[in-house]
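Chain by chain, the residues:
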Amino acid sequence: MKPTKKILILPGDGVGPEVCEEAVKVLKSLSNLNFNLELDFDLIGGASIDKYKSPLTSEVIKKANSSDSIILGAVGGKKWDDLSPSEKPEKGLLDLRSKLNFFANLRPAISFKEIIHSSSLKEEKIKDLDLLIVRELTSGIYFGEPREKNNKFAFNTMIYKSSEIERIVEVAFKSAMERSKKLCSVDKANVLEVSQLWREVVDKKSILYPEVDVEHMLVDNAAMQLVRDPKQFDVIVSSNLFGDILSDISAMLTGSIGMLPSASLNENLKGLYEPVHGSAPDIAGQGIVNPIATILSVGMLMKYSFGEPLISEKIHSAVKKVLSEGFATKDIAQKNSIIVSTSEMGDKIANYVS
Ligand code: IPM
Ligand code: MN
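First, a word on what this report is: a plain description of the structure on this page. (Residues numbered from 1 in each chain as written. Chains lettered and ligands numbered in written order. Predicted model: local features only at pLDDT ≥ 70, side-chain atom pairs only at ≥ 80, totals over all residues. Heavy atoms only, no water.)

Thoughts on the packing of aromatic side chains
Just so we agree on the cut-off: Here the aromatic set is Phe, Tyr and Trp, taking the six-membered ring for Trp, and pairing holds for ring centres within 6.5 Å; pairs whose planes are under 30 degrees apart are stacked, those over 60 apart are edge-to-face, and all others are tilted. Working definition: helices are DSSP H or I runs of at least four residues, strands are E runs of at least two. Numbering for both runs from the N terminus. In this scheme, a residue with accessible area under 20% of its type's maximum is buried, one over 50% is exposed, and one in between is partly exposed, where area comes from a 1.4 Å probe on protein chains only. In this analysis the charged atom, NZ for Lys or CZ for Arg, is taken to sit over a ring once it is within 6 Å of the ring centre and within 35 degrees of the ring normal.
As enumerated under the stated definition, the model contains 4 aromatic pairs in all. Centroid distance Phe 35 to Phe 306: 5.3 Å. Interplanar angle 80°. Geometry classified as edge-to-face. Of this pair, Phe 35 sits in the loop between helix H1 (16-29) and strand S2 (36-41) while Phe 306 sits in the loop between helix H10 (292-304) and helix H11 (309-324), placing them 271 residues apart in sequence. Look at Phe 35 and you get buried, because its relative accessible area is 4%. Consider the rings of Phe 173 and Tyr 209, whose centres lie 4.9 Å apart with planes at 15°: the pair is stacked. Here Phe 173 is found in helix H6 (residues 162-178), whereas its partner Tyr 209 is found in the loop between helix H7 (193-206) and strand S9 (213-218), with 36 residues between them in sequence. The ring of Phe 306 has Lys 5 sitting right over it, with the charged end atom 4.9 Å from the ring centre.

What about the pairing of strand S1 (residues 4-12)?
For the record, the criterion: Criterion used throughout: strands pair if DSSP finds at least two bridges between them. When the strands point away from the viewer and the path from the first strand over the helix to the second turns clockwise, the crossover is right-handed.
Note that S1 and S2 share 6 bridges and pair parallel. Of the residues in S2, the one forming a bridge with Leu 8 is Asp 40. In the classification by handedness, the crossover that spans S1, the intervening H1 and the parallel S2 is right-handed. Note that S1 and strand S3 (residues 69-74) share 5 bridges and pair parallel. What sits directly across from Ile 9, in S3, is Ile 71.

Following this line, the structure appears as structure tokens:
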């Protein structure tokens, strides 16, 4: 008998439900799997606040713990904007990441030649671009205590334990070893103590990986270099906040943030898979959002959590094929594109993976 793998789907808010629907469509269309899939659905973010007054219920945490992996759409929206950070939809996502220890966030930015003209950068700058951002996801200023806000002042704490830096840096070195053995660690060591510690840990770890060519770069320079000459990078490792910002920049290199998938892994390679884009309330419910980031996140799930790189490649090829036929959602449309809706894009990709 085939084993059963459980995936929890948390569509969330805004365009989240629309992109998750297409990811599920692709999942269900995958043929010749050597496991059975059991899908379960639940609420997170604003959708959960509206029903349970909490962005992440203990019931959902329990389900997440007992599933093999999780697919998430997006959280947040205008309706909940005035809540305090500890009550916002985003808190549900942050708690999910931290409670399940999904500390290693992998955000690949790969340029598809089929949509190269939808990037704001010149073709020669981004042709064949393939870089990986390794972002620390469960510590740093996002989670640091103390934190406070009153009418007169507000503060947050940027803090890292050396053990937290070490485990993310280890993931980055391992990724570099599997790729072109080039690692750029991004920090703000000219100003921040926390970045000085980060650098020390990277240097210490690099002794164990003599084949990897390591470079340190300040985050302001890294932001500039990413748009000036992105192909100088292969693997970038950074803290939670800097990684958040750099991954949005690298998204634009690929043409649209609607193309960028992500994996957030714990020590056991169980993962949370989500598009890098947010809930995009301005386009939600119109059937125009690009589902490719979430569909490629399903590919990452197959590779990292289920040990099925071939299925991941199959999904990647299906996306390429549909793009090469000229089909595009609005965000990646070029001169001669045939513009399709979210669900038509999903149908076409699902058709090629079946
Ligand atoms: C991301 C998002 C989240 C983050 C938000 C929604 C909390 O921007 O996944 O990049 O800042 O981590
Ligand atoms: Mn972000």
